[in-house]
Amino acid sequence: MGLFALFCIFTAALHCSSAHIGGSGSGEFIDIGDGSEPLQPASPINVIVLALNSTAAKLSWNASINDPSSVTGYQVTYTNGQGNLTQFTGANVFTVTILGLEPGATYQFTVTALNAAGSTRPIQSTLSLTLPAAEPVTLGLEFDNYTVNEGDSVRVCVHVLNGPLDTVTVLQLRTAALTSGNPATAGVDWRDTSIRLAFNSVRNSQCLSISTLSDRVFFEGTETFVVHLQATDPLPPSVELARTSATVFILDDNKPIKLGLEFDNYTVNEGNSVSVCARVMNGPLSSTITLQFSTASPSYSDTAATADEDYTSLPRRWTWNSGRLTFSSSDTRQCVSIATASDYTLENTEIFFVQMGSVYSLPPFVELTRTTATIFIQDDDGVKIGFSQNSYTGNEGDNLCVYAHVTSGSLQRSVNVTVTTEDGTATAPFHYSPTSVELTITSTHKSSCVNIFLPENDLFHDMLFWVVLQSNDSGVSFSRSLNRVSVNIINNDAVLSLEFESYTVNEGNTVRICARVVNGSLRSTDTTRLLLSTASPLNSRTPATAGVDYSSIPGRYTSGRLTLYYYSTRQCKSISTRADSLVEGTENFLVQLWSTGPLPPSVKLARTSATVFILDNDEVEVAFDRSGYSANEGDDSVEVCIRVSRGSIQRTIQVTVNTEDGTATAPDDYTATSTRITIGSFGSSCVNITLVDDSLHNILGRRMYFRVFLESNDSAVLVPTSSRPVNIYQNDVLLIGFERESYTVSEAIRVVNVSGSGNTSEDTAVVQQSSVRVCAVVLNGTIENGTSARVRFTTQNGTATGSSDYTALYREVSISENGTGCVDIEAKDDDIVEGPEWFFVSLSVPYGTGIIIQPDFSTVTILDDDEALVIGFERESYTVSEAIRVVNVSGSGNTSEDTTVVQQTSVRVCAVVLNGTIQDGRNERVIFTTRSGTATGTPRYSYYYRRFNYDYTTLSRTVSISENGTACVDIEVIDNDITEGPEQFFVSLSAPFGATGIIIQPNSTATVTILDDDVAVIGFRRTEYSVTEARYNYCRASLSLAFLQGSLEDSDLPLIVEVYTVDGSATALQDYRPYNRTISITSSRSTYIYIYCIDDEVDEDPETIIVRLEQVDDRDLPVQFVEQAVVTIRDNDGITVGLQDTAYTVLENSKAVEICAILLDGTLEREANVMLSTISTIDDSATAPADYSATSAVLTFDESTSRSCGSIPIILDDIIESEEFFSVSISTTERDVILSRGTLVRVTITDSSEVVIGFETVEYEANEGQNQEFCVAVLNGQLELPVEVTLTTEDRTAKAPGDYLSGALRIVLTENSNQICVDIPIVNDTIVESTESFVAKLSTEDLRVSLLPATAIITIVDDDQEESIEVIKPCLPHMVTTVSIRAVMNGASGNQSNTQEQQNHFTQFLTNEILETTSFGPGCAFLTAELSSCVVRGGLTIQSFTADFTCNGRCIQANSSVSENAQTSNTNRKLLMDTIAVEQPVVSTFESGAVRITYFRRGQQGAITAACSAGVAMAAEENLCNCPVDCPSPKAN
């Protein structure tokens, strides 16, 4: 309810907006007072009262502006004539809401300000407000009607429809039967219900659920009952009821009870039993049903299981009790168990069928579904396969046979294994032929061989490679030591080689080259003759020259010959080099080793080539090519050249040219440089030094200089010590420019009378072009007598063109001492009206320096004097018809043989010269442009544009007018098939851009009128339609009614027609619904007529309906009608096919999953095909071909087949992974096949892979005081999901916790962490004892994990010696004790202390501070506890204490003994301890979650972790090395 617009304002005078408000204002009275006591406050101002609803009002006001600070509060008084009521507010509260007022009553409101002196003065005015009468609160049902399926519940709610209740109201909601229609029966169709509902101001909505009953009565239709709402007691005056009844419609489900097998497929491991269940799919049974189960093996499958061998059969005899199940009304699911046998033989997955049937006739409305299920017996047996030997040996050239065979287990099926090779020291294919061969091992051939060829090669020593067995078959495992074996290739040859790959020698010295036996040994019969020769390298940049740089050894037998015997295995030759005094760099040549004849069979050559480097030691001297250099200031640069002055070079050398200031300074006069230049075999090179023009033009003959000098880092290059000068001579500069920036010349011709006779006819006219003189002058500087400066004048086109508008010019002119140079440029008369045109004249210096041009160009304007042409339209208006011309092409006179040519009409529009003449040989151009009027144009024409109301083809065309003075264009007119009146468009005339000498006649526009000739045709777009008789009493034909030809103008639309149906062979009301309707037609869109047909469930021939069209409109319009169309109703009886299940789950080792489709409705007398195929969706996680094989299969149904299945292969891998999904769809192209129950099914692949995890080593040996590391790894298979194993220990001769710390370690291996190492501490017990051992074991609850090896043995080697033990008596302190715990590691130390008062107990030393770690001595670590300020009573000593630490959320307890007596106070006592490192993610846990701290002794290796604050992992962890035998004393710390 909104606010009432009723309010009053009280200021100096009272103003009210309602006649209900009484009282008057007397103005505000202010008493100044004498200041001896507080004054009464002034009255509030701007008082407003609002009616919020019928029982509440709101007042607001403002404090007086005179004395607001003295107000302590406000009093609101209100009354309706039955006593005064009062509310108070604070000094800063200016609004109040009053509740609980009487509806319809008139109240008087007063607002008074208060302070210490009293209330407002004078007596304030009263505001009157009449409240509106109260509206009743309405309660009612939420809806008029409710719909519910039979057997479900319906929720009926009652709400407060408006306003809050101010009193408790009790209503009754009850159900009742109806007496008309199809009434439902209470207790049979619904549960009769009656309930009392209470409502108040808080509870404004309540609901009731009414249950309907499934009566198993079929085809009874929709039944109804009613729900009534009424009051149990008389309602309060402020409450009324609305919508007091509602009808409930119960929808009949018409579903028979279905009884069937629970699943299509069952999977069981060999040797287990499978439970096959039947269940009631929907609703309870009303009678007893007896079912019989039987088994059968498929006859078409090669993996059929054998009855009573692979499984226990159930015979198909209805009299036997075996396999019989009885369902009563209380049963929903019963099962039969079938046992399978374990045969301990590796074989394929085998299948058999379980079939279900009814022993007796089924009652009505009970049917069996899914009566057959397939049982898959998964084989769980396996065989082991390995190589026949631990290693193989072969010689070069052998063909080695490697055998793989069954080492344990038996086979019934074939298995495939792959033999692959891996490189070792031998590499493929040089040393062996690489192999990846798949071998098949069967029950009859339990071994197979693969041949590996070992080619002959230049082996220098024995080599090996590996052969490996692999298989993807889950039933195959490998013998651990026989699945990867080595193959050794034997080599016994002797190898001869040059001693080194390279040699270095100084120029002029001798180098010694040797050949020797580098591998094996020569036999007594292996005398080997070799030849040593020299050669130049082919790809070297600095090859040495034979006979010049070194003494060559030619490839002859007479020199360079070496002979090696079994007793002489090294022979040498010396080669001399020559000094040539030429700087050439390091040069090289080759030494080659040859065999003079065939080598013995057991001898090979290895390194047959070596490089000899000759080091150069010559020098060269360089110098400047001149004693000095000169240049003018205007030059760009000066060239400085360097040459070789002594010696010669064969390689490139580098020197640096540097500059230094003289009287010329850089960068004002030149650019400083330090340039490295390269000098080649030509012996010289140059560098350019940039000069700077400083624009000092008035200093003549001045010379400046700077110096250049040389440097070089090349040790073979000597440079001069002195520098060379570079002189710069300055020159004056002359400034020349145009006399004027622009010139003007007329195009007119001068005529001169030559004859002088006075007879005009005898005169001869001389045509003389006008010309313009353009001059250049000296603007700055002076030209001396007898000298001149040359400049060049050049013309350039602007809008004027050289040779046609003016004479182009390119001329040099001399300027002498008068300072001026000019040229004359002729202007030509071209008889073209073109307006002023211009060209440019530029100025430049032809050669030399010392002249500056500024400005360098001038503009020349040519004034035109030619007469213009006047052009306009030939006519002001044109008329053309829209009609299409039809031309008889055949010419035979026989109309049936004629061929019509459709040709658009066009109108020709012409422009003519109205004034002036066009000279012979010249053309002038004009532009014709169309513009739409009532006619609409389009840029181009096609038949398609007739639908869019276009009338003509738009035009914008440039046309030439020659000497005949006429130019025309043809404009096409479009036949648009629209009935319309005459329309116009316009053609305008214009001159091209930039054209001169042409004037277009003003208002140059011509009008073209198009006359219309169209007739509109209305009808159905097709004369024949067809529709298929549909199921469920619904089908329709859609007829499109439209303008088939032409159209009407918008002013003639819409057009009214009548459409009705007439029986053909179809009968109204039996085959279709009759149609008769008046319709409005427009030209912009089609109108659709829907004719509904009826499914009469009669198999019949196609039937026809005639749909007719008549004009109702009585206007005389040019319209023709196509009066009727025929609708054919085709009969349609088909079948419905659907997926048997919407989801499948299959084990990864099941080989395949079978997807079935079933016939849901209809009868077949032919073959019908449905396509089953795998598809990839965005939600799929399985991929083909990694997880399954992409499959496409045809499922065939016929009169004897109502269920058809396709098989999709499932791929078994060795990866532990989560469930994966892929999708299978069914589709069909046959019109009579309807797909139902969805076309997509999801297949879930449950992982059945296994992984092998175990210890990497099974035997360990550890010293006392060490942490023994165990590594657990994935030995076979892969992980995509984490797996967990537990490591536990078990006593043997070693006992926990005295010899080692026992416990259980949780180890998690993941895809990225497939090896985890953990430590178990070995206790240093100081007891002299024999060698002891304990066992570490792995266990897991993960069925996917095989543990092998799962056990490791740890042997503890004792290192103790007998020593004396000092007996220390206990000490019991009674005073406040300060305890510090210090961890010592690697250098830095720190203390943290905590004080805690304990009476008679000494238990807790550290609570909330982290310990820092330091080291003491190399390789040693101590965890030290210090006791200070310990008061000793009675001469007792402290013997031990307990420290509690919290690390990573775990409690760590340490027990230690005091190493020294505590006889006096203030004595420090140190304890040595160590701890097990608590590392993440593997947490070592011992003794029920506690980590024990033991004594620190020598020989410790592992990690020290300092204690940390509770719940926070703040400990520092460091790896420690082995301690020395004797650790240094910790007393220094």
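Scroll up a little and you will see the structure.
Quick notes on the rules
Residues numbered from 1 in each chain as written. Predicted model: local features only at pLDDT ≥ 70, side-chain atom pairs only at ≥ 80, totals over all residues. Heavy atoms only, no water. Helix = DSSP H or I, 4+ residues; strand = E, 2+ residues; numbered from the N terminus. Buried < 20%, exposed > 50% of the residue type's maximum accessible area, 1.4 Å probe, protein only. Contact = heavy atoms within 4.5 Å. Phe/Tyr/Trp six-rings, centres within 6.5 Å; stacked < 30°, edge-to-face > 60°. Disulfide = S-S within 2.5 Å. Polar contact = N/O pair within 3.5 Å; in protein donor to acceptor, adjacent residues only side chain to side chain. Core = buried A, V, L, I, M, F, W, Y, C linked by side-chain atoms within 4.5 Å. Pairing = 2+ DSSP bridges. Axes fitted to C-alpha atoms, helices over the stretch in contact; angles between N-to-C directions. Salt bridge = Lys/Arg side-chain N within 4 Å of Asp/Glu carboxyl O.

**Student:** What is the right way to look at the overall build of the protein chain in this model?
**Tutor:** The number of helices and strands found in the protein chain is zero helices and 117 strands. When the 1533 residues of the protein chain are sorted by exposure, 40% land in the buried category. Within the protein chain, counting contacts between residues at least 6 apart in sequence, those at least 24 apart form 72% of the total.

**Student:** When you look at the packing of aromatic side chains in this model, what are you seeing that I'm missing?
**Tutor:** In this description, an aromatic ring pair is defined by two values, namely the gap between the centres and the angle between the planes. For the coordinates displayed, the defined rule picks out 21 aromatic pairs. Arranged with centres 6.2 Å apart and planes meeting at 65 degrees, the rings of F738 and F793 form a pair that is edge-to-face. Of this pair, F738 sits in strand β56 (residues 734-738) while F793 sits in strand β59 (residues 789-797), and the two are 55 residues apart along the sequence. Summarising the burial analysis for this pair, F738 and F793 share the class buried. When the ring of Y806 is compared with that of F839, the centres are 3.8 Å apart and the planes differ by 10 degrees; the resulting orientation is stacked.

**Student:** Got a minute to help me understand the state of the cysteines in this structure?
**Tutor:** Each disulfide consists of one covalent bond between the sulfur atoms belonging to two cysteines. Summed over all chains, the structure comprises ten disulfides. The partner cysteine of C401 in its disulfide is C449, sulfur to sulfur 1.6 Å. Pair noted here: C401 is in strand β31 (residues 399-408) and C449 is in strand β34 (residues 447-453), with a separation of 48 residues, a long-range link. In this model C641 forms its disulfide with C686; the gap between the sulfur atoms is 1.8 Å.

**Student:** Hey, could you run me through the environment of R707 in this one?
**Tutor:** Turning to its location among the elements, R707 is positioned in strand β53 (residues 703-711). Each C-alpha atom of the pair R707 and V726 lies 5.8 Å from the other, and the pair is 19 residues apart in sequence. A distance of 2.7 Å separates the side chain of R707 from the side chain of S723, its partner in a polar contact.

**Student:** Got a minute to help me understand the nonpolar core in this structure?
**Tutor:** The tendency in soluble globular proteins is for nonpolar side chains to be buried as a group. Of all hydrophobic cores here, the largest spans 31 residues; its most connected members are F1020, L1039 and V1059. Secondary structure elements with two or more residues in this core: β79 (1016-1020), β80 (1024-1028), β81 (1035-1045), β83 (1055-1063), β84 (1076-1081), β85 (1087-1093), β86 (1103-1111) and β88 (1124-1130). With five residues, the single largest contributor to this core is β81. Excluding residues that lie within four positions of it along the chain, F1020 makes contacts with Y1025, L1039, S1040, L1041, L1044, V1059, I1089, V1107, L1109, V1122, Q1124 and A1125.

**Student:** Sorry if this is basic, but what is going on with unusual backbone geometry here?
**Tutor:** When glycine is set aside, most residues are seen to have a negative phi, and most peptide bonds are trans. In this structure, the amide linkage connecting A1296 to the following residue, P1297, adopts the cis form with an omega of 0 degrees. In this chain, L1348 is followed by P1349 through a cis amide linkage whose omega measures -10 degrees. You can see P1349 is positioned in the loop between β107 (1345-1347) and β108 (1351-1357). Of note, the phi angle at R370 is positive, near 50 degrees, even though the residue is not glycine. Along the polypeptide, R370 turns up in the loop between β27 (366-369) and β28 (372-378). On the basis of relative accessible area, R370 is assigned to the buried category, the value being 16%.

**Student:** Even after reading the chapter, I still don't get the sheet that holds strand β73 (residues 956-961), so can you show me in this structure?
**Tutor:** Two pairing modes exist for strands in a sheet, parallel and antiparallel, and in both the strands are linked by backbone hydrogen bonds. Spatial strand order, β66-β78-β76-β70-β73: five strands in an open sheet with mixed pairing. In this open sheet, the two edge strands, each paired with only one partner strand, are β66 (877-881) and β73. Direction aside, the axes of adjacent strands within the sheet are offset by 25 degrees on average. The pairing of strand β76 (residues 983-990) with strand β78 (residues 1005-1011) spans six bridges and is classified as antiparallel. Across the sheet, S988 pairs through a bridge with T1005, a residue of β78.

**Student:** Help me out: how do you make sense of the side chain of T345 in this one?
**Tutor:** Relative to the helices and strands, T345 resides in the loop between β25 (333-339) and β26 (350-358). The buried category is assigned to T345, whose relative accessible area is 16%. The residues touching T345, leaving out its near neighbours within four places in the chain, are D379, D381, S410, L411 and Q412.

**Student:** How should the pairing of strand β89 (residues 1135-1139) be read in this particular structure?
**Tutor:** As a general feature of sheets, a regular strand has side chains that alternate between the two faces. When you tally the buried positions in β89, you get five out of five residues, the bulk of the element. One ladder, built from four bridges, connects β89 with strand β97 (residues 1233-1236); its direction is parallel. Bridge pairing links G1138 to S1236 in β97. The pairing of β89 with strand β91 (residues 1152-1161) spans four bridges and is classified as antiparallel. Paired with G1138 across the bridge in β91 is I1158.

**Student:** Looking at this structure, I do not really get the sheet that holds strand β17 (residues 223-231). What am I missing?
**Tutor:** With mixed pairing, the five strands of this open sheet are ordered in space as β12-β19-β17-β14-β15. At either margin of the open sheet sits one strand with a lone partner, and together these are β12 (145-149) and β15 (194-199). For this sheet, the mean inter-axis angle between neighbouring strands, taken without regard to orientation, is 25 degrees. By the bridge criterion, six bridges tie β17 to strand β19 (residues 245-251) in an arrangement that is antiparallel. By the bridge assignment for β19, V226 is matched with T247.

**Student:** Teacher, can you tell me more about the pattern of salt bridges here?
**Tutor:** Pairing between side chains becomes possible if they bear opposite charge and their charged atoms approach one another. Applying the stated criterion across every chain, the model contains 19 salt bridges. E812 serves as the salt-bridge partner of R790, at 3.2 Å between the closest nitrogen and oxygen. Of this pair, R790 sits in strand β59 while E812 sits in strand β60 (residues 810-815), placing them 22 residues apart in sequence. R790 sits in the partly exposed class, given a relative accessible area of 30%.

**Student:** What is the right way to read the side chain of T534 from this model?
**Tutor:** Within the secondary structure, T534 sits in strand β41 (residues 528-535). For T534, a relative accessible area of 13% gives the class buried. At 2.9 Å, the side chain of T534 forms a polar contact with the backbone nitrogen of I553. Beyond its immediate stretch of four places on either side in the chain, T534 contacts Y550, S552, I553, I575, F589, L590 and V591.

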